[in-house]
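Residue-level structure breakdown
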Amino acid sequence: MTNTTDPRARLEHAGLEATPRRIAVLEALAALPHAPAAQELLDAVRRTTRMDKVTLYRTLDLLVEAGILQRHSGADGTFRHCMAPAGENAPHGHFQCTRCGVMTCLPPLPAALDAAALLPAGVIVEHVEVRLDGVCGRCQRG
């Protein structure tokens, strides 16, 4: 079993070299309590590591392709990134606040969610993305 909290172990399990920049991206992402947009993640990474936007985007693409991270579209059209649950590419939903824009991860989707049952016969579902939009508690109090 892979240690899902250790960036080096996650990278090695995925067959990727554990470079300092990849580790920095994973550590910065793990330290954030929500799924950030690229600019917020870049700002967090830059607190410890020199990195430009192009390098960040290439790193994010690689980590998504390797199944370490997941990419989700936000209500504003901006992609957000989060760690794949339990080190696997298991689908999970998100809640995005329509006021502050913060996207938070929800627990993995129940197995009872059968998207294929909603579609015509012969269709193969390759990806399910669930995002609930509303107003978070902090903004309601705000």
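All of the points below concern the structure found in this document. (Residues numbered from 1 in each chain as written. Predicted model: local features only at pLDDT ≥ 70, side-chain atom pairs only at ≥ 80, totals over all residues. Heavy atoms only, no water.)

1. Considering the packing of aromatic side chains
The final tally for this structure, using the stated rule, is zero aromatic pairs. In this arrangement the basic side chain of Arg71 is found over the ring face of Phe79, its NZ or CZ atom lying 5.9 Å from the centre. (Phe/Tyr/Trp six-rings, centres within 6.5 Å; stacked < 30°, edge-to-face > 60°. Lys NZ or Arg CZ within 6 Å of the ring centre and 35° of its normal.)

2. Describing the pairing of strand E1 (residues 69-73)
The sheet contact formed by E1 and strand E2 (residues 79-83) spans five bridges and is antiparallel. Counterpart to Gln70 in the pairing with E2 is Cys82. (Pairing = 2+ DSSP bridges. Helix = DSSP H or I, 4+ residues; strand = E, 2+ residues; numbered from the N terminus.)

3. A closer look at the pattern of salt bridges
Taken as a whole and assessed by the stated rule, the structure comprises three salt bridges. Of the charged contacts, one joins Asp76 and Arg80 as a salt bridge, the two residues approaching to 3.3 Å between their closest N and O atoms. The exposure class of Asp76 is exposed, given its relative accessible area of 53%. Overall, Arg80 belongs to the buried group, its relative accessible area being 7%. (Salt bridge = Lys/Arg side-chain N within 4 Å of Asp/Glu carboxyl O. Buried < 20%, exposed > 50% of the residue type's maximum accessible area, 1.4 Å probe, protein only.)

4. Digging into the sheet that holds strand E5 (residues 131-134)
Read across the open sheet, the three strands follow the order E4-E3-E5; overall the sheet is mixed. What marks the edges here is a single partner per strand, and that holds for strand E4 (103-108) and E5. Neighbour to neighbour, the strand axes of the sheet diverge by 25° on average, direction disregarded. The sheet contact formed by strand E3 (residues 92-97) and E5 spans four bridges and is parallel. (Axes fitted to C-alpha atoms, helices over the stretch in contact; angles between N-to-C directions.)

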